[in-house]
Amino acid sequence: MTGVVLPGNRQLEFREYPIPEPGHGQVLIRMKASSLCGSDLRAIYRPTEQGSGPEAYRGVIAGHEPCGIIEQVGPGTHRFHEGDRVIVYHICGCGQCQACRGGWMISCEGEGRAAHGWQRDGGHAEFMLADERTLVALPDELTYLDGAMVACGIGTAYAASLRANVSGRDVVLITGLGPVGVGAALLCKAMGARVVGVEAIPERIELARKLGIMDIVSPTDQDAVTTLRAYTGGHGFEVAIDCSGNANARHMCLELAREWGRVVYVGEGGTVSFEPSPLLIHKQLSLYGSWVCSLPQMEELVEKLVRWQLHPEVMVTHRFPLAQAREAYELFDSGKTGKVAIVWE
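Parameters at a glance
Residues numbered from 1 in each chain as written. Predicted model: local features only at pLDDT ≥ 70, side-chain atom pairs only at ≥ 80, totals over all residues. Heavy atoms only, no water. Helix = DSSP H or I, 4+ residues; strand = E, 2+ residues; numbered from the N terminus. Buried < 20%, exposed > 50% of the residue type's maximum accessible area, 1.4 Å probe, protein only. Contact = heavy atoms within 4.5 Å. Lys, Arg positive; Asp, Glu negative; His and termini not counted. Charge placed at Lys NZ, Arg CZ, Asp CG, Glu CD. Pairing = 2+ DSSP bridges. Axes fitted to C-alpha atoms, helices over the stretch in contact; angles between N-to-C directions. Polar contact = N/O pair within 3.5 Å; in protein donor to acceptor, adjacent residues only side chain to side chain. Salt bridge = Lys/Arg side-chain N within 4 Å of Asp/Glu carboxyl O. Phe/Tyr/Trp six-rings, centres within 6.5 Å; stacked < 30°, edge-to-face > 60°. Lys NZ or Arg CZ within 6 Å of the ring centre and 35° of its normal. Parallel < 35°, antiparallel > 145°, perpendicular 65-115°, else oblique. Nonpolar A, V, L, I, M, F, W, Y, C, P; charged D, E, K, R; others polar. Core = buried A, V, L, I, M, F, W, Y, C linked by side-chain atoms within 4.5 Å.

## Structural notes on the overall build of the protein
Here is step 1 of the chain: In terms of helices and strands, the protein carries 11 helices and 17 strands.
Here is step 2 of the chain: In terms of overall dimensions, the protein has a C-alpha envelope of 60 × 40 × 35 Å along the principal axes.
Here is step 3 of the chain: Across the 345 residues in the protein, those meeting the buried criterion constitute 57%.
Here is step 4 of the chain: Counting only contacts in the protein whose residues sit at least 6 apart along the sequence, the fraction spanning at least 24 positions is 70%.
Here is step 5 of the chain: Computing the positive centroid from 31 side-chain charges and the negative centroid from 40, the protein places the two 4 Å apart.

Structure below.
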């Protein structure tokens, strides 16, 4: 089979691999959709030195948002069978630490922790091995692209929305309407909240409005803060979620949050500097960091997507076959797209 490897410095290679055999407790998945993630660009595709710790890239087959159908099961599997449609939680932890036992393999610090597309082979190939314990059933009502979105992007947005306890009582500010930000906006609307977005890139603004996110302000507009505050009658936002990683956007979330409001930082990278007393302490805000999601949250999200009749694949603006993976990454790297995915028809 052919697999995609990301050597860094905006390079991409195709390499040939034998089709793997599932071991004990493993399944072989025939890929149907494998979407691209901004963290792949930031930590693997663009840099010449590709991360450390959980973000260390080990030259494996890329792709940590995989979804497909089980081709073969190994010995010791119990729940899933050949022909089952599945989403893969993209980190396989040690299974024994407190984080793993709570479903938070993303936070596993055990020696055996390995993420698909980072330290173990991912979804940018015709087949992928996964541990049965990391699988989530994909309902018939959802597409394979829906499932790929759940595997990281919209799962990350869902976890951030849960941290903020979003409900119909809230007006939610979302800074950065890339794939995670748009996903958060769609989820917050489904939870009953009113959503106001901040975005500067015209193509992202156009996509967001096409998906029903109509209240959007550019951070470059004169008096953008005043305009945004007016959406809340001058009171400020009950919830502010930064999906950009931009220092100014993070500061804006604190500045525009209402007293006793909830602020979530989910966008990776970057920095932020602020005065805690006026912006955090005196306003009695709750400030959260949110990193991906847990396995139980993924299962819960899948159930909710069916109930809400929400299809995350609406965020996908470009689909490519595996043979055009290079073009897919180059386009996604432009920052002018929605979600980009590799698909197998």
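Picking up where we left off.
## Section: the sheet that holds strand E12 (residues 216-217)
Here is step 1 of the chain: Across the sheet, which stays open at both edges, the 6 strands sit in the order E12-E11-E10-E13-E14-E15 with parallel pairing between neighbours. Edge positions in the sheet fall to E12 and strand E15 (286-289), since each of these pairs with one other strand and no more.
Here is step 2 of the chain: Here strand E10 (residues 171-175) pairs with strand E13 (residues 237-242) via 4 bridges, running parallel. Along E13, the bridge assignment pairs Leu173 with Ala240.
Here is step 3 of the chain: Sitting on the sheet, helix H5 (residues 179-190) touches E10, strand E11 (194-198) and E13, and the angle it makes with E10 is about 170°.

## Quick notes on helix H8 (residues 247-256)
Here is step 1 of the chain: Among the residues making up H8, those that are buried are Ala249, Arg250, Met252, Cys253, Leu254 and Leu256.
Here is step 2 of the chain: For H8, the N-terminal cap is Asn246; the gap from its side-chain oxygen to the backbone nitrogen of Asn248 is 2.8 Å.

## Some remarks on the pattern of salt bridges
Here is step 1 of the chain: Under the defined criterion, the tally for this structure stands at 16 salt bridges.
Here is step 2 of the chain: Arg133 is the salt-bridge partner of Asp131, the closest N and O atoms lying 3.9 Å from each other.
Here is step 3 of the chain: Where Glu303 meets Arg307, a salt bridge forms, and the shortest distance between an N and an O atom there is 3.0 Å. Linking Glu303 with Arg307, this pair stays in helix H10 (residues 295-308), spanning 4 residues, or about one helical turn.
Here is step 4 of the chain: For Glu303, a relative accessible area of 46% puts it in the partly exposed group.

## Observations concerning the packing of aromatic side chains
Here is step 1 of the chain: Inspection of the entire model under this criterion finds 1 aromatic pair.
Here is step 2 of the chain: For the pair Tyr45 and Tyr329, a centre-to-centre distance of 5.3 Å together with 35° between the ring planes defines the contact as tilted. Separated by 284 residues along the polypeptide, Tyr45 in helix H1 (residues 38-45) and Tyr329 in helix H11 (residues 325-332) bring together distant segments of the chain.
Here is step 3 of the chain: On the basis of relative accessibility, which here comes to 3%, the residue Tyr45 falls in the buried class.
Here is step 4 of the chain: Over the ring of Tyr144 we find Arg85, and its NZ or CZ is 4.6 Å from the ring centre.
Here is step 5 of the chain: Against the face of Tyr265 rests Arg250, its NZ or CZ located 5.6 Å from the ring centre.

## Description of the side chain of Glu65
Here is step 1 of the chain: Within the secondary structure layout, Glu65 lies in the loop between H1 and strand E4 (66-73).
Here is step 2 of the chain: On the basis of relative accessible area, Glu65 is assigned to the buried category, the value being 0%.
Here is step 3 of the chain: For Glu65, the side chain forms a polar contact with the side chain of Ser35, separated by 2.5 Å.
Here is step 4 of the chain: Of note is the side chain of Glu65, whose polar atom sits 3.4 Å from the backbone nitrogen of Gly153.

## A word on the packing of H1 against H11
Here is step 1 of the chain: In contact at an axis separation of 10 Å, H1 and H11 are set at 100° when each is read in the N-to-C sense. One way to sum up the angle between H1 and H11 is to call them roughly perpendicular. Seen from H1, the contacting residues are Gly38, Asp40, Leu41 and Tyr45; seen from H11, they are Tyr329, Glu330 and Phe332.
Here is step 2 of the chain: Looking at the contact of H1 with H11 residue by residue, the classes come out as 4 nonpolar, 1 polar and 2 charged.

## A few points about the nonpolar core
Side chains of a nonpolar character, in soluble globular proteins, are inclined to be buried together.
Here is step 1 of the chain: Counting 93 residues, the largest nonpolar core has Leu6, Ile87, Leu135, Ile174 and Ile241 as the members making the most contacts within it.
Here is step 2 of the chain: Ranked by residues supplied to this core, first place goes to H5 with 6 residues.
Here is step 3 of the chain: Contacts of Ile87, omitting those with residues within four sequence positions, involve Pro66, Cys67, Thr134, Leu135, Val136, Leu138, Gly147, Val150, Ala151, Met298 and Val302.
Here is step 4 of the chain: In terms of nonpolar packing, the next biggest core, distinct from the first, is built from 19 residues, Val196, Cys253, Leu256 and Leu280 among them.

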